[in-house]
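The lines below spell out each chain.
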Amino acid sequence: MAESEDIFLRAKHRTFSGLTEDAEREWSGPFCFIQAADPQLGLMKAWRDGDCDGGGDEWTEEVELTKQAVEAVNQLRPRPRFMVLCGDLVHAMPDTPFREGQERDLKVALKGTDPSIPLVFVSGNHDLGNTPTPSTVEHFCNAWGDDYFSFWVGGVLCLVLNSQLFYDASACPQLKEAQENWLEAQLSRVSSSSSSSTTTTTSSSSSSPTEPKHVLVFQHIPLYLKSPDEEDDYFNLQRTVRQNLLDRFKEAGVKAVFAGHYHRNAGGCHGGLDMVVSSAIGCQLGEDTHGVRVVVVTADRVVHRYHSLEQLRARGMDNDLKELLLA
């Protein structure tokens, strides 16, 4: 890439530079990637001070933890195909003090990532505001790339979504509608490709949609924390929205949804759809430790495990995950 800053802006025009369907549509064997969430520069001190709304004036701890995550990921062999950060990149809300400094320092920490490992950014509520506006979404896109898009890796289709538009789009209904139309087109295309693959035809398949080996979704707010029928909560999507997405994802054959937001590990598997909620690089709100999730993708499975930064830096990923990559 011409400039190092481009590593933060590879998601453009609803796709991702270097990880396009043309380049990555074919299954090429097992691979791994890293799911991280909530570096959220500024939250740790704000949480200790009991001032999460107005605090956030110190973020050296989160910068150091992000650097540790980068160091650990860089050491992994084989290298991860990408690292996705599932939202709340910084703590300062849009148009508040410390926002610019937090974004700047996070980018400095992330620039240490090996250039062979693309960085994929997902928008969170602190990145866009709890009630996003066209202006806050535009700011995110100018700093980190598109707020929703698709990309391909080794025959696997990945959909990155702006979950804040599901949560509260009252100040930007047109943006919600645009994402909804885009998502419906993506899911319909996957369903169509799956159906066509089971139909015998003598015509050329060159014009048919590519059937992905798996479909994965990345967003910030989980569909649910433990059960699809749990009550509405700050940390999950509303039940009506949740059920609508669950039904559509299952219909399209989505294998797993990866999210953050909860600052604890959670999730479940229902109806063949895995809801994976990963704890944070930054501030922990439960008993987990600072870490990231190693995800191994094989022809028929998506296997994932949360690793502490300390473990990953000292010993790498667990041996049984390594063995899956050699199968």
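Relevant structure appears above.
Since the model is a prediction, treat every value here as computed from it, not as a measurement.

**Q** Lay out the nonpolar core with the relevant residues and their values.
**A** With 44 residues, the main nonpolar core has L85, L110, L119, F121, W144 and V292 as its most contacted residues. Per element, the largest residue contribution to this core is six residues, and it comes from helix α3 (residues 60-75). Here L110 is in contact with I7, F8, T66, V70, L85, L119, F121 and W144, once residues within four sequence places are set aside. One finds L183, V190, L246 and V254 within the second-largest nonpolar core, a separate group that totals 29 residues.

**Q** Explain the packing of aromatic side chains residue by residue, including any values.
**A** If you walk through the whole model with that rule in mind, you get 18 aromatic pairs. Judged by centre distance (4.5 Å) and plane angle (10°), the rings of F33 and F82 are stacked. Here F82 lies in the loop between α3 and β4 (83-86) and F33 lies in strand β3 (residues 31-36), a separation of 49 residues in the sequence. When its relative accessible area of 0% is taken as the criterion, F33 is described as buried. Among the residues examined, F82 registers a relative accessible area of 0% and is labelled buried. With a centroid separation of 6.2 Å and an interplanar angle of 35°, the aromatic rings of F149 and F151 are classed as tilted. Per residue, the accessibility class of F149 equals that of F151, and both read buried. Through a chain of ring-to-ring contacts, the aromatic side chains of F16, F33, F82, F149, F151, F218 and F258 assemble into a single cluster. Directly above the aromatic system of W144 lies the positively charged group of K107, at a separation of 4.9 Å from the ring centroid. Here the basic side chain of R264 rests over the ring of Y262, its NZ or CZ set 3.9 Å away from the ring centre.

**Q** Hey, could you go over the packing of α3 against helix α4 (residues 99-110) for me, with residue numbers and the actual values?
**A** Viewed as axis vectors pointing N to C, α3 and α4 meet at an angle of 25°, and their least axial separation amounts to 9 Å. With respect to α4, the element α3 is oriented roughly parallel. Crossing geometry of α3 relative to α4 is assigned as right-handed. Residues V63, T66, K67 and V70 of α3 form the contact with α4, whose participating residues are D105, L106, A109 and L110. Among the residues making up the contact of α3 with α4, the classes are represented as five nonpolar, one polar and two charged.

**Q** Mind laying out the sheet that holds strand β5 (residues 119-122), listing which residues take part and the relevant values?
**A** Reading across from one edge, β5-β4-β3-β12-β13 is the order of the five strands in this open sheet, with mixed pairing throughout. Every interior strand has two partners, whereas the edge strands, β5 and β13 (302-308), have only one. Neighbour to neighbour, the strand axes of the sheet diverge by 25° on average, direction disregarded. Sheet analysis places β3 next to β4, joined by three bridges and oriented parallel.

**Q** Could you give an account of the pairing of strand β9 (residues 256-259), with specific residues and numbers?
**A** Here β9 shows no split at all, with A256 and F258 on one side and V257 and A259 on the other all buried. Two elements, strand β8 (residues 215-218) and β9, share three bridges in a ladder whose sense is parallel. Within β9, the position partnered with L216 by the bridge is A256. For the crossover that starts at β8, traverses helix α9 (residues 239-252) and ends in the parallel β9, the hand is right-handed.

**Q** For the sheet that holds strand β7 (residues 156-160), give the residues involved together with the corresponding values.
**A** Taking strand neighbours across the sheet as the criterion, the six strands line up as β6-β7-β8-β9-β11-β10 in an open arrangement whose pairing is mixed. The open sheet is flanked by β6 (149-153) and β10 (266-270), the only strands paired with a single partner. If you compare each strand with its neighbour and ignore which way they point, the axes differ by 15° on average. Contacting β8, β9, β10 and β11 (273-277), α9 crosses the sheet at an angle of about 125° to β11.

**Q** Tell me about α9, residues and numbers included.
**A** If you check α9, its first and last C-alpha atoms are 20 Å apart, about what 14 residues at 1.5 Å a residue would give, namely 20 Å. For α9, every residue scored as buried is listed here: R242, L245, L246, R248, F249 and A252. Looking one or two residues past α9, G253 carries a phi angle of roughly 80°, positive in sign.

**Q** So what about the side chain of Q179? Which residues, and what values?
**A** Relative to the elements of secondary structure, Q179 occurs in helix α8 (residues 173-197). Engagement of the side chain of Q179 in a polar contact is seen with the backbone nitrogen of N162, the distance being 2.8 Å. Ignoring any residue separated from it by four or fewer positions in sequence, one finds Q179 in contact with Y148, L161, N162, L165 and F166.

**Q** So what about the state of the cysteines? Which residues, and what values?
**A** Taken as a whole and judged by the stated rule, the model has zero disulfides. The thiol of C172 is unpaired, and the distance to the nearest cysteine sulfur, on C141, comes to 11 Å. By relative accessible area, which is 1% here, C172 ends up buried.

Reading the values: the criteria
- Residues numbered from 1 in each chain as written.
- Predicted model: local features only at pLDDT ≥ 70, side-chain atom pairs only at ≥ 80, totals over all residues.
- Heavy atoms only, no water.
- Core = buried A, V, L, I, M, F, W, Y, C linked by side-chain atoms within 4.5 Å.
- Buried < 20%, exposed > 50% of the residue type's maximum accessible area, 1.4 Å probe, protein only.
- Helix = DSSP H or I, 4+ residues; strand = E, 2+ residues; numbered from the N terminus.
- Contact = heavy atoms within 4.5 Å.
- Phe/Tyr/Trp six-rings, centres within 6.5 Å; stacked < 30°, edge-to-face > 60°.
- Lys NZ or Arg CZ within 6 Å of the ring centre and 35° of its normal.
- Axes fitted to C-alpha atoms, helices over the stretch in contact; angles between N-to-C directions.
- Parallel < 35°, antiparallel > 145°, perpendicular 65-115°, else oblique.
- Left-handed = near helix turned anticlockwise from the far one by under 90°.
- Nonpolar A, V, L, I, M, F, W, Y, C, P; charged D, E, K, R; others polar.
- Pairing = 2+ DSSP bridges.
- Right-handed = clockwise from strand over helix to strand, strands pointing away.
- Expected span 1.5 Å × (residues − 1).
- Polar contact = N/O pair within 3.5 Å; in protein donor to acceptor, adjacent residues only side chain to side chain.
- Disulfide = S-S within 2.5 Å.

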